[in-house]
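Residues per chain, in single letters:
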Amino acid sequence: MDVQCVKCSEQQHEVAIPRVSSITLEDFNDKYLGKGEPVVITDVADKWPAANWTLDSLTERVGDNIAFIRQQTDQEAYKVGRTYTIRESPLKEYIADLRAANSRARSSYLAVQNIKKSFPELQDDLPIPGYVGKLHRGPYLWIALKGHYEFCHFDPDDGLLVMIQGHKRVHLYGCDLSPMYPNALGSKGRTIQSQVNCINPDLEQFPLFNTATCYYCDLRQGEMLYIPAFWWHQVTSVETCISVNYFYGDAGENRYLTKIMKPPIWPTFSHWILNIVEQNRLLESFQRVLGQLPESLEAFLLNTWHEIPSSEQLKRLVKLIMDYLELDKLPEVERTSKNAPILKIRGLLWRK
């Protein structure tokens with residue numbers, strides 16, 4: 001299978017992501033996490049027990065475990081984050097497809113698989129990296145066939161992507177919205193997807209894409225990439241790959257929220273919040289959420305990031321949503337429980 005592994009679009013400003021070795025937590029926080037700048041850390045994960053994983057060893061240890069496999073991943077609709085379906089399969093069947101490089105393998109992807117739930121036998125092989133201030137979710141397992149193109153998107157967390165086996169090419173594009181043409185508000189899932197195929201962009205339809213700065217790196221076995229929160233990123237598997245990732249934020253109960261409610265992240269975070277509003281807007285339960293919006297948001301932020309907003313932050317988020325919905329006041333609703341209904345992220349598995 002041929003792999004398109006270009007650096008960036010021809011007219012884009014390119015920046016090679018720096019690579020560091022033996023960086024201390026203090027230096028990482030000062031130079032990268034605190035500034036929201038990506039970096040490759042070269043010499044941490046190669047010492048983990050997971051560094052010995054192979055397709056054979058995973059088949060032997062957890063091959064009978066059921067995994068969720070994305071389908072239709074070779075279609076253009078997947079490459080712009082709009083459409084895929086899910087099938088359940090024993091991991092060994094998916095790995096057998098990868099080995100055969102058959103048509104089903106070329107249209108499938110094991111993505112964001114919760115290791116604690118799906119592969120608990122592997123947990124002890126994966127320490128939580130010392131750079132993680134407060135774990136939000138993970139670790140997650142990803143296994144991809146050579147040539148897989150993962151759609152460009154951003155996550156609402158800081159992230160560490162760790163290569164266990166293989167080689168990936170990663171493009172990052174900062175956190176600006178306009179050059180990346182996000183899908184319409186209301187798109188399903190926890191991430192926001194770009195309409196742009198970054199390897200083969202339609203510059204007539206998406207002319208601003210070439211104004212985005214493209215940060216790039218090659219990530220190989222034992223290396224770890226820090227992806228700043230709300231940064232667009234696109235990943236291509238140069239070889240058949242095994243990788244894991246962690247979603248996290250700053251330590252403490254309000255530091256992460258304070259960070260993402262400031263420039264340059266605030267406009268992108270606002271878009272993400274309003275996307276969740278649109279996911280819920282037509283549901284009958286949404287009126288109850290609106291009726292208790294400050295409490296619902298407070299519960300949502302605690303559930304999502306273990307963060308406690310200040311009163312000013314809560315007021316700002318309520319105003320954002322009310323302005324978007326063109327509301328002068330929140331509706332009055334009858335309380336049916338002592339706890340406010342939580343705003344929910346819809347479509348975490350399926351995107352149809």
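Everything below is about the structure shown above.
J.: Looking at this structure, I do not really get the overall build of the protein. What am I missing?
T.: Along the protein, the regular secondary structure elements total eleven helices and 15 strands. By the compact-globule yardstick of 20 Å for 352 residues, the protein fits well, its C-alpha radius of gyration being 20 Å. Along the first, second and third principal axes, the C-alpha atoms of the protein reach 60 × 45 × 45 Å. Sorting the 352 residues of the protein into buried and exposed places 55% on the buried side. When the accessible surface of the protein is summed, it comes to about 15,800 Å², and 49% of that surface belongs to carbon and sulfur atoms. Of the charged side chains in the protein, 39 are positive and 43 negative; the average position of the first set lies 3 Å away from that of the second.

J.: I keep staring at the sheet that holds strand β3 (residues 39-41) and nothing clicks. Help me out?
T.: In a beta sheet, neighbouring strands are held together by backbone hydrogen bonds and run either parallel or antiparallel to one another. In space, the nine strands of this open sheet follow the order β2-β3-β13-β9-β15-β7-β6-β4-β5, with mixed pairing throughout. The sheet is open, and its two edges are formed by β2 (19-20) and β5 (85-90), each paired on a single side. Judged from the three bridges that link them, strand β6 (residues 108-114) and strand β7 (residues 134-144) form a sheet pairing that is antiparallel. Bridge assignment links Gln-113 to a residue of β7, and that residue is Leu-141. With respect to the sheet, helix α4 (residues 91-100) is in contact with β4 (66-71), β5, β6 and β7, its orientation differing from that of β5 by roughly 105 degrees.

J.: Honestly, the sheet that holds strand β1 (residues 14-16) in this entry has me stumped. Any pointers?
T.: Taken in spatial order, the six strands line up as β1-β12-β10-β14-β8-β11 in an open sheet, and their pairing is mixed. Each of the sheet's edge strands pairs with one partner strand only, and the pair in question is β1 and β11 (192-193). As paired strands, strand β10 (residues 167-172) and strand β12 (residues 214-220) are joined by six bridges and run antiparallel to one another. By the bridge assignment, Val-170 is partnered in β12 with Cys-217.

J.: I would appreciate a short explanation of the packing of helix α10 (residues 293-305) against helix α11 (residues 311-325) in the present structure.
T.: In helix packing, the relevant descriptors are the interaxial angle and the interaxial distance, both defined with respect to the helix axes. Between α10 and α11, the shortest axis-to-axis distance is 10 Å and the interhelical angle comes to 110 degrees. Comparing their axes, α11 and α10 come out roughly perpendicular. For the crossing formed where α10 meets α11, the hand is right-handed. Counting all contacts with α10, which are made through Leu-293, Pro-294, Leu-297, Glu-298 and Leu-301, the residues of α11 involved are Leu-314, Leu-317, Val-318 and Ile-321. Here the contact of α10 with α11 is built from residues that sort into eight nonpolar, no polar and one charged.

J.: What exactly am I supposed to notice about the packing of aromatic side chains here?
T.: In this description, a pair of aromatic rings is defined by centroid distance and the angle of the planes. Applying the stated criterion across every chain, the model contains 20 aromatic pairs. Aromatic side chains Tyr-173 and Phe-209 sit 5.4 Å apart centroid to centroid with 55 degrees between the ring planes, which places their arrangement in the tilted category. Highlighted residues: Tyr-173 in the loop between β10 and β11 and Phe-209 in the loop between β11 and β12, separated in sequence by 36 residues. Neither Tyr-173 nor Phe-209 differs from the other in exposure class; each is buried.

J.: Can you help me understand the pattern of salt bridges in this one?
T.: Close approach of charged atoms allows side chains of opposite charge to pair. Scanning the model with the defined rule gives 17 salt bridges in all. Measuring nitrogen to oxygen at the nearest pair gives 2.4 Å for the salt bridge that ties Asp-56 to Arg-99. Placement of Asp-56 in helix α2 (residues 55-62) and of Arg-99 in helix α4 is noted, with a sequence separation of 43 residues between them. Here Arg-70 and Glu-150 are joined by a salt bridge, their closest N and O atoms 2.9 Å apart. Pair noted here: Arg-70 is in strand β4 and Glu-150 is in strand β8 (residues 149-154), with a separation of 80 residues, a long-range link. Assigned by exposure class, Arg-70 and Glu-150 land together as buried.

What counts, and at which threshold
- Residues numbered from 1 in each chain as written.
- Predicted model: local features only at pLDDT ≥ 70, side-chain atom pairs only at ≥ 80, totals over all residues.
- Heavy atoms only, no water.
- Helix = DSSP H or I, 4+ residues; strand = E, 2+ residues; numbered from the N terminus.
- Rg over C-alpha atoms; globule rule 2.2 N^0.38 Å.
- Buried < 20%, exposed > 50% of the residue type's maximum accessible area, 1.4 Å probe, protein only.
- Areas by Shrake-Rupley, 256 points an atom, 1.4 Å probe, with all protein chains shown as cover.
- Lys, Arg positive; Asp, Glu negative; His and termini not counted.
- Charge placed at Lys NZ, Arg CZ, Asp CG, Glu CD.
- Pairing = 2+ DSSP bridges.
- Contact = heavy atoms within 4.5 Å.
- Axes fitted to C-alpha atoms, helices over the stretch in contact; angles between N-to-C directions.
- Parallel < 35°, antiparallel > 145°, perpendicular 65-115°, else oblique.
- Left-handed = near helix turned anticlockwise from the far one by under 90°.
- Nonpolar A, V, L, I, M, F, W, Y, C, P; charged D, E, K, R; others polar.
- Phe/Tyr/Trp six-rings, centres within 6.5 Å; stacked < 30°, edge-to-face > 60°.
- Salt bridge = Lys/Arg side-chain N within 4 Å of Asp/Glu carboxyl O.

Read these as layout, nothing more, since geometry by itself doesn't imply function.
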